[in-house]
Amino acid sequence: MSETADAIIIGTGVIGAALAFEMAKAGWKTLSVDRNTQSGHGSTAGSCAIIRMHYSTHDGTAFAWEGYHYWRDWKDYLGLPEGTPLAQFREVGCLVMKTEANGFLEKHMLHSREFECPFEEWTAEDITRRLPIYSLDRYGPAKRLDDPAFGQPTGGALGGAVFWPNGGYVNDPALSAQNLTEAARQHGARVLLRAEVTGILTEGGRVRGVKLADGRELHAPVVVNVAGPASSKINAMAGVLDDMTIKTRALRQEVVHVPAPEGFDFEADGMIISDSDISCYCRPEHGNHILIGSEDPECDPHEWVEDDMAYNRDFTDQWSLQAQRYGQRVPSLGIPSQTRGVVDLYDVSSDWIPIYDKSSLPGFYMACGTSGNQYKNAPIAGKMMAELIAYCEAGHDHDQTPLPFRLPYIDLETNVGFYSRKRPVNAESSFSVLG
Ligand SMILES: Cc1cc2nc3c(=O)[nH]c(=O)nc-3n(C[C@H](O)[C@H](O)[C@H](O)COP(=O)(O)OP(=O)(O)OC[C@H]3O[C@@H](n4cnc5c(N)ncnc54)[C@H](O)[C@@H]3O)c2cc1C
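An account of the accompanying structure is given in this report. (Residues numbered from 1 in each chain as written. Predicted model: local features only at pLDDT ≥ 70, side-chain atom pairs only at ≥ 80, totals over all residues. Heavy atoms only, no water.)

### Brief notes about the pairing of strand β16 (residues 280-285)
We apply this condition: Classification of residues uses two cut-offs on accessible area relative to the type maximum, computed with a 1.4 Å probe and protein chains only: under 20% is buried, over 50% is exposed, and between them is partly exposed. The way it works is that DSSP assigns letters per residue, a run of H or I at least four long becomes a helix, a run of E at least two long becomes a strand, and they are numbered from the N terminus. We call two strands paired when DSSP finds no fewer than two bridges between them.
The buried fraction of β16 amounts to 6 of the 6 residues, a majority that puts the element mostly inside the structure. Counted between consecutive antiparallel strands, the loop separating strand β15 (residues 272-275) from β16 contains 4 residues, among which Ser 279 sits at a positive phi close to 55°. Looking at chain direction, β16 and strand β17 (residues 289-294) are connected through 6 bridges and run antiparallel. Among the inter-strand pairings, Glu 285 is bridged to a residue of β17, identified as His 289.

Printed below as a string of structure tokens:
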């Protein structure tokens, strides 16, 4: 392994791997470094890998709608040899309940109309026809299990929902990162695993490379921080935190897997469902299970994690809370005594919108703060970051004159400054995993 490259990418998660693929295609000699033994085994492996198009902001919606197309065209996008096992995108659709909390989705439908992203409005009858296991009684706002009002309907029923037919999920997110890594290798990218970055090297006011835990140095004029929940540590090593108005922090999350109620094939007939009335989202999980995630209601304390390598990986009361919140919607749901699911970390930014940007250290870039909602955008984020790096390395000042960037599938000029580390906190955000 030679110890120099054009660019070192820290992290082989889905975004780091997409960036390696896009940079390698553009002719960069990239070297990806990861402390794990396999690519995609960071937070990407724990991802619910939901591909959806409803975001709170105009730019977030455009990016996610663009992002969908790469999963739809996954095989062609990668160009891997015939017979390579590929992650599968299951286009089961995404149903979002209309609630007061989401403004009955008026803004989301407006954005979707603008970008010609298909959606359908469903009545309560439409919902129960497709999901006969569902009760539409209202329970919001979400409560904790020790609240005597938990599980008591709060009056009335959900009146309808919006269905985005192109939503879905990827069945094996770690494999999708490995697919990208393999595709990058086809274009000459190199990958160094079991290598932990412990320092960022600088020389003459510019990045010079990275230092590894075993003392080795790797040299490159460009280094990119795509370290997921470790992003703030790497930014601190580079000394680039001072000019960032948006910071990142690791947040612990539990995801629940329970069997679907007997007699209903959720794997075949279910879909992605986001339900702010019970503060849960769900999707089909293989073996006719239902995967249940949290939409981070105000009553749940945030479990910020200082050390992304040492946190509690066991399920806690949060597991049964999420299962029972979902049980309000599906009264026939059986909740097993044996807990199954995932415990992992989000890399949360101050406004739950990612940072795709340069930094105050010339040659040092970051793609981080993905806030539990950027798996779907990995390929387009990789493409945009590759252009941003080329733009800055050609001498442009992205802070003053942001990179002009067109989203290729939906043919729309996007505002890359939207993702700036120096932006004001975006008040339009949901300040939750919904972005
Ligand atoms: C429970 C959960 C559910 C999610 N659900 C969804 C969803 O449904 N839809 C969606 O769009 N998004 C979702 N996300 C978010 C999505 O998974 C992430 O945004 C995405 O996977 C981040 O990819 P990444 O490549 O940036 O980071 P990661 O996959 O975390 O990769 C970072 C890599 O950096 C490496 N690294 C870190 N520090 C060092 C170091 N010092 N030296 C060497 N290597 C280092 C790590 O080993 C890791 O492999 C979810 C996330 C979680 C945790």
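Having seen the model, we can carry on.
### Overview of helix α11 (residues 378-393)
Rules: Residue count minus one, scaled by 1.5 Å, sets the expected span of a helix.
The end-to-end C-alpha separation of α11 is 22 Å, in line with the 22 Å expected for 16 residues at 1.5 Å each. Counting buried positions along α11 yields 12 of 16 residues, so the element is predominantly enclosed. Turning to α11, its buried residues are Ala 378, Pro 379, Ile 380, Ala 381, Gly 382, Met 384, Met 385, Ala 386, Leu 388, Ile 389, Tyr 391 and Cys 392.

### Focus: the packing of aromatic side chains
Inclusion rule: Stacked, edge-to-face and tilted labels apply to pairs of Phe, Tyr and Trp rings (six-membered ring for Trp) whose centres lie within 6.5 Å, assigned for plane angles under 30 degrees, over 60, and everything in between, in that order.
One pass over the full model with this rule turns up 18 aromatic pairs. Both rings, one in Tyr 70 and one in Tyr 77, keep their centres 5.3 Å apart while their planes meet at 80°; by these two values the pair is edge-to-face. Here the two residues Tyr 70 and Tyr 77 agree in accessibility, since each one is buried. Where Tyr 134 meets Tyr 326, the ring centres are 6.2 Å apart and the plane angle is 75°; that geometry is what we call edge-to-face.

### Points about the state of the cysteines
The criterion, for reference: For the purposes of this analysis, a disulfide is any pair of cysteine sulfur atoms at a distance within 2.5 Å.
Evaluation of the coordinates by the stated rule reveals 0 disulfides. Sulfur of Cys 282: no disulfide; nearest cysteine sulfur belongs to Cys 280 and is 8.1 Å away. In this structure Cys 392 is not part of a disulfide, and its nearest cysteine sulfur, from Cys 368, lies 15 Å away. Judged by relative accessible area, Cys 392 falls into the buried class, the value being 11%.

### Points about the packing of helix α1 (residues 14-25) against helix α7 (residues 173-186)
Packed helices, taken two at a time, are described by the angle their axes make and the gap between the axes. Put simply, the rule reads: The axes used here are C-alpha line fits, helices contributing only the stretch in contact, and every angle between their N-to-C directions lies in the interval 0 to 180 degrees. For this classification, under 35 degrees means roughly parallel, over 145 means roughly antiparallel, 65 to 115 means roughly perpendicular, and everything else is oblique. Helix crossings get a hand from a simple test, with the near helix turned counterclockwise from the far one by less than a right angle marking a left-handed crossing and a clockwise turn marking a right-handed one. Any two residues whose heavy atoms approach within 4.5 Å at even a single point are treated as in contact. Ten residues, namely Ala, Val, Leu, Ile, Met, Phe, Trp, Tyr, Cys and Pro, are considered nonpolar, four, namely Asp, Glu, Lys and Arg, are considered charged, and the remaining ones, Gly among them, are considered polar.
Across the interface, α1 lies against α7 with an axial gap of 8 Å and an inter-helix angle of 20°. When the axes of α1 and α7 are compared, the pair comes out roughly parallel. When the axes of α1 and α7 are compared, the crossing they make is left-handed. Taken together, the residues of α7 that come into contact with α1 (itself represented by Val 14, Ala 17, Ala 18, Ala 20, Phe 21 and Ala 24) are Ser 176, Ala 177, Leu 180, Thr 181, Ala 183 and Ala 184. Classifying every residue of the contact of α1 with α7 by side-chain character gives 10 nonpolar, 2 polar and no charged.

### With respect to the sheet that holds strand β10 (residues 197-203)
Here we have 3 strands laid out as an open sheet, ordered β10-β11-β12, and antiparallel in their pairing. What marks the edges here is a single partner per strand, and that holds for β10 and β12 (217-219). Strand-to-strand twist across the sheet, computed as the mean angle between neighbouring axes with direction ignored, equals 30°. For β10 and strand β11 (residues 206-212), the ladder comprises 6 bridges, and the chain directions are antiparallel. Residue pairing across strands places Thr 202 opposite Val 207, the latter belonging to β11.

### Notes on the site of the ligand
Under the convention used in this document: Residues are counted as near a molecule or strand when any one of their heavy atoms sits within 4 Å of it. Within 3.5 Å is the distance limit for a polar contact, defined as a pair of N or O atoms, with the added protein rule that one can donate a hydrogen and the other accept it, and that residues adjacent in sequence qualify only through two side-chain atoms. Accessible surface is estimated by sampling points in the Shrake-Rupley manner with a 1.4 Å probe; for residues, cover comes only from the protein chains shown.
Around the ligand lies a shell of 36 residues, among which Asp 34, Ser 43, Thr 44, Thr 370 and Lys 376 are the nearest. Within the side chain of Asp 34, a nitrogen or oxygen atom sits 2.6 Å from an oxygen atom of the ligand. Here a nitrogen atom of the ligand sits 3.2 Å away from a polar atom, N or O, in the main chain of Gly 372. In isolation the ligand exposes 1000 Å². Once the protein is present, 98% of that is buried. Mapped by element, the contributors of at least two residues to the shell around the ligand are α1, α2 (43-46) and β19 (341-349). Classifying every residue of the shell around the ligand gives 17 nonpolar, 14 polar and 5 charged.

### Quick word on helix α10 (residues 317-329)
Residues lying three or four places apart along an α-helix face the same way, a consequence of the helix completing one turn every 3.6 residues. For α10, spanning 13 residues, the distance from its first C-alpha to its last is 19 Å, which sits close to the expected 18 Å at 1.5 Å a residue. Among the residues of α10, those classed as buried are Gln 318, Trp 319, Leu 321, Gln 322, Ala 323, Arg 325, Tyr 326, Gln 328 and Arg 329.

### Points about the nonpolar core
Heads up, the rule is: Definition of nonpolar core: a set of buried residues of the types Ala, Val, Leu, Ile, Met, Phe, Trp, Tyr and Cys, connected through side-chain atoms within 4.5 Å.
Counting residues in each nonpolar core, the largest one holds 79 residues, and the members touching the most others are Leu 19, Leu 180, Val 224, Tyr 356 and Ile 389. Ranked by residues supplied to this core, first place goes to α11 with 10 residues. Look past the residues within four positions of Ile 389 in its chain and what remains in contact with it is Leu 19, Met 23, Trp 28, Val 222, Val 224 and Tyr 365. Leu 131, Ala 260, Phe 266 and Leu 333 belong to the second-largest nonpolar core, a separate cluster that totals 30 residues.

### Observations concerning the side chain of Thr 248
The residue Thr 248 is located in strand β14 (residues 248-259) in this model. A polar atom in the side chain of Thr 248 sits 2.9 Å from the side chain of Ser 231. Sequence-distant contacts of Thr 248, that is, excluding residues within four places in its chain, are made with Ser 231, Ser 232, Asp 347, Val 348, Ser 349, Ile 355, Cys 368 and Gly 369.

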